[in-house]
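Geometric and topological summary
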Amino acid sequence: KYTERGVLFVARGNDSRITGFAAAVPLDEEPGVSEKTRPFLRRTINPWYFADLGVQENLRRRFMGKTLTERLLTEILSDCVVVRTSENNFISQALFQKSGFKSMNDVFQEVEQERVDGTTRSDRRIFFTKISSKILYWKQRWCDIATSLV
């Protein structure tokens, strides 16, 4: 899905093994996320959903997550990016906040996931959003130019 409709970045170690990844899709590709967040994104044109970020456990806290996040954000031409993470994943929350994401207060989602051991676990997710000032600047300039042509 990410390679067909979205963006996928993969980090590899010196031995060519995958050590991390980041993926995003247009927000409307994830109906459950879109349904929760769209009412708060009325002024955006092309919102995307930062769907996944993973870093090999022994390489965490070495800026790989931050680097993958920044690389992904530079690739997406969007005025808004939405991300969700577990309510208890404080490390992930801190990473997104350091990358300029703001909490979407009072927007939550209960997610049930099957774990690798076969059990199902319910997890409360919280949402963050990042508005791109560069894209907003060009959007405003385009509106100004289009208005002056009329």
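Rules of the game
- Residues numbered from 1 in each chain as written.
- Predicted model: local features only at pLDDT ≥ 70, side-chain atom pairs only at ≥ 80, totals over all residues.
- Heavy atoms only, no water.
- Pairing = 2+ DSSP bridges.
- Helix = DSSP H or I, 4+ residues; strand = E, 2+ residues; numbered from the N terminus.
- Axes fitted to C-alpha atoms, helices over the stretch in contact; angles between N-to-C directions.
- Buried < 20%, exposed > 50% of the residue type's maximum accessible area, 1.4 Å probe, protein only.
- Arc of directions from axis to C-beta.
- Contact = heavy atoms within 4.5 Å.

Taken in spatial order, the 6 strands line up as S1-S2-S3-S4-S6-S5 in an open sheet, and their pairing is mixed. Strand pairing shows two members of the sheet lacking a second neighbour, strand S1 (7-12) and strand S5 (102-114), which therefore form its edges. This sheet shows a mean twist of 25° between the axes of neighbouring strands, independent of strand direction. Summarising the sheet, strand S3 (residues 48-55) and strand S4 (residues 80-86) pair through 3 bridges and their orientation is parallel. In the strand pairing of S4, Tyr-49 is matched with Val-82.

For an α-helix the count is 3.6 residues per turn, leaving residues at separations of three or four pointing the same way. Restricting attention to buried positions, one finds in helix H4 (residues 90-98) the residues Ser-92, Gln-93, Leu-95 and Phe-96. The buried residues of H4 occupy an angular sector of 160° when the element is viewed end-on, so they sit on one face. In H4, the exposed positions that point more than 90 degrees away from the buried face belong to Phe-90, Ile-91 and Lys-98. Check the buried side of H4 and you find it contacts S3, helix H3 (64-75), S4 and strand S6 (120-131).

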